[in-house]
Amino acid sequence: MTQDTSRPFGRLLTAMVTPFTSEGALDLDGAARLATYLVDEQANDALVINGTTGESPTTTDAEKENLLRAVVEAVGDRARVVAGVGTNDTRHTIELAHQAEKAGAHGLLVVTPYYNKPPQPGLVRHFTAVADAAGLPILLYDIPHRSGVPISTETLCRVAEHERVVGVKDAKGDLAATAWVLRRTELAYYSGEDALTLPMLSIGGVGVVGTSSHLTGVGTKQLIEAYERGEVAEARRLHHQLLPLFTGIFRTQGTILVKAAMSALGLPAGPVRPPLVDATEAELAQLRADCVDAGLPLPAGAA
């Protein structure tokens, strides 16, 4: 695989759900099959494994390693595999970074430490320590509505000086703040909110780390490529077409509805692990309606 430094992980990445068996055990064969579908049929350039969408809070470190190895073996020759390693403990994050590197990951996703709400100097120290210890390129994950703390513009600009910090998955929802970072750094920005992919491109973003892209991958990739060709009207048309799923997949927690959709397609998914709960009949009905609205109807029958 050749690497474009301006978009180190391509244009389209999906934060992959983690398939479990009906008994709740890790389904490694299913993970390989799902990864193959996302790369070969949904046009993904890279996959994020062991992110929140992959239920990382409820998988063990050993499960994370085994899952990563299975996905790298399945698609690592034709797509980049990015390992979610972020925790709210710097030492544990570094341990997971080393584990991911040994398992064959091509990059790391490092989320803002959550719940303990470190001040900005703590974020600089955390991200720098991980980057110093790791041997892989890093995407920072800025998602203050989950972590409790935004990564400030000054912090992003300072951490961007590290050679291994190459980009940001941006779920802050503040395009003006993002534009300032893009003005001052060479960081590659990936939208962390599916519905903001097109606006992010307009200020210099390079792609998306998506959730609805389990279903909308082909169209989302076409949207990005159309915008890059200067076909703004076509990109806007695709944005409007796919908007019901860009937003609808988050009517409840995104993992829940993605797993319901994958099950409807006959793909590996399985149940969610507690404290998440599987989709209700009403949620399944709404998901089907959103898919029809986006022009991507699910097969008939129960999910």
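Counting restarts for each chain, with residues numbered from 1 along the sequence as it is written. In keeping with the model being predicted, local features are shown solely for residues with a pLDDT of at least 70 and side-chain atom pairs are shown and tallied solely at 80 or more, while totals for entire chains, interfaces and linings include all residues. Processing note: side-chain calculations cover all non-hydrogen atoms of the structure and skip hydrogens and water entirely.

1. Thoughts on the overall build of the protein chain
Elements are defined by DSSP. Helices are runs of H or I of four residues or more, strands are runs of E of two residues or more, and each kind is numbered from the N terminus. If you tally the helices and strands in the protein chain, you get 12 helices and 8 strands. For a compact globule of 303 residues, the expected C-alpha radius of gyration is about 19 Å, and the protein chain comes in at 18 Å, within 12% of that figure. Its C-alpha atoms give the protein chain principal-axis dimensions of about 50 × 45 × 35 Å. For every residue, the accessible area obtained with a 1.4 Å probe (protein chains only) is divided by the maximum for its type, and the residue is called buried under 20%, exposed over 50%, and partly exposed between those limits. For the protein chain, the residues scored as buried account for 54% of the 303 residues in total. Restricting to contacts in the protein chain with at least 6 residues of sequence separation, those with at least 24 account for 69%. Shrake-Rupley sampling with a 1.4 Å probe provides the accessible areas, and residues are treated as covered by the protein chains on show and by no other component. When the accessible area of the protein chain is evaluated, it comes to approximately 12,500 Å², of which 51% is carbon and sulfur surface. Here Asp and Glu are counted as negative and Lys and Arg as positive; His is not counted, and neither are the chain ends. Just so you know, the charge point we use is NZ for Lys, CZ for Arg, CG for Asp and CD for Glu. Between the averaged position of the 26 positive side-chain charges in the protein chain and that of its 35 negative side-chain charges there is a distance of 4 Å. Throughout, radius of gyration means the C-alpha value; the globule benchmark is 2.2 Å times the number of residues raised to the power 0.38. Should any heavy atoms of two residues lie within 4.5 Å, those residues are considered in contact.

2. Comments concerning the sheet that holds strand β2 (residues 46-49)
Pairing between strands is defined by DSSP: at least two bridges between them are needed. Read around the barrel, 8 strands follow the order β1-β2-β3-β4-β5-β6-β7-β8 and close on themselves; strand pairing throughout is parallel. On average, each strand axis in the sheet is inclined to that of its neighbour by 25°, with strand direction left out of account. Of the strand pairs in this sheet, β2 and strand β3 (residues 80-84) are connected by 4 bridges, and their pairing is parallel. Across the sheet, the residue bridging to Leu-47 is Val-81, located in β3. For every element, the axis is a line fit to its C-alpha atoms; helices are fit only across the contacting stretch, and the angle between N-to-C directions ranges from 0 to 180 degrees. Here helix α4 (residues 120-133) sits on the sheet and contacts β4 (107-111), β5 (138-142) and β6 (165-170); the angle it forms with β4, its principal contact strand, is near 165°.

3. Let's talk about the pairing of β6
Among the 6 residues in β6, 6 count as buried, and that is most of the element. A crossover links β6 with its parallel partner strand β7 (residues 188-191), the connecting element being helix α7 (residues 175-184), and its sense is right-handed. The crossover handedness rule: strands pointing away from the viewer, path from first strand over the helix to second strand clockwise, crossover right-handed.

4. Focus on the UniProt feature "binding site: pyruvate" (unreviewed entry) in the protein chain
UniProt positions are given in the numbering used here, feature names are shortened, and annotations may be inferred rather than shown by experiment. UniProt records the feature "binding site: pyruvate" (unreviewed entry) for Thr-53 and Val-209 in the present numbering. The greatest C-alpha distance among the annotated residues, which extend across 157 residues, is 11.0 Å, indicating that they converge on a single site. Structurally, Thr-53 is set in the loop between β2 and α2 (61-75). Here Thr-53 falls in the buried class, since its relative accessible area comes to 13%. With respect to the secondary-structure elements, Val-209 resides in strand β8 (residues 207-210). Apart from the residues lying within four places of it in its own chain, the contact partners of Val-209 are Leu-13, Ala-15, Val-48, Lys-169, Tyr-190, Ser-191, Gly-192 and Asp-194.

5. Some thoughts on the pairing of β3
The buried count for β3 comes to 5 of 5 residues, which makes it a mostly enclosed element. Side chains Arg-80, Val-82 and Gly-84 project from β3 onto one buried face, and the interleaved Val-81 and Ala-83 project onto a second face that is buried too. Crossover β2 to β3 through α2 is right-handed. Here β3 runs beside β4; their pairing, made up of 3 bridges, is parallel. Bridge pairing in β4 links Ala-83 to Leu-108. In this fold, the crossover linking β3 to β4 by way of helix α3 (residues 90-102) has right-handed handedness.

6. Observations regarding the UniProt feature "active site" (unreviewed entry) in the protein chain
Under the UniProt annotation, "active site" (unreviewed entry) lies at Tyr-141 and Lys-169. Look at the named residues: they lie 29 residues apart in sequence, but the longest C-alpha span between them is just 4.7 Å, so in the fold they bunch up. By relative accessible area, Tyr-141 is classed as buried at 9%. Beyond its immediate sequence surroundings of up to four residues, Tyr-141 is in contact with Leu-109, Val-110, Val-111, Thr-112, Ile-151, Lys-169 and Ala-171. Positionally, Lys-169 belongs in strand β6. Of the residues examined, Lys-169 reaches a relative accessible area of 6% and is grouped as buried.

7. Here we look at the environment of Ala-35
On the secondary structure map, Ala-35 appears in helix α1 (residues 28-40). Along the backbone, Ala-35 and Ala-46 are 11 residues apart, and their C-alpha atoms lie at a distance of 9.6 Å. Ignoring any residue separated from it by four or fewer positions in sequence, one finds Ala-35 in contact with Met-16, Leu-47, Val-71 and Val-75.

8. Here's the deal with the packing of helix α11 (residues 254-264) against helix α12 (residues 281-293)
Between two packed helices, the angle of one axis relative to the other and the distance separating the axes together describe the packing. Between α11 and α12, the least distance of the axes is 10 Å, while the angle of their chain directions is 70°. By the angle between their axes, α11 is roughly perpendicular relative to α12. Here Leu-257, Ala-260, Ala-261 and Ala-264 of α11 come into contact with α12, specifically with Glu-283, Leu-284, Leu-287 and Arg-288. For the contact of α11 with α12, the residue count by class is 6 nonpolar, no polar and 2 charged. Oblique is the label for any angle not under 35 degrees, not over 145, and not in the 65 to 115 range, which are roughly parallel, roughly antiparallel and roughly perpendicular in turn. Residue polarity follows a fixed list, in which Ala, Val, Leu, Ile, Met, Phe, Trp, Tyr, Cys and Pro are nonpolar, Asp, Glu, Lys and Arg are charged, and the others, Gly among them, are polar.

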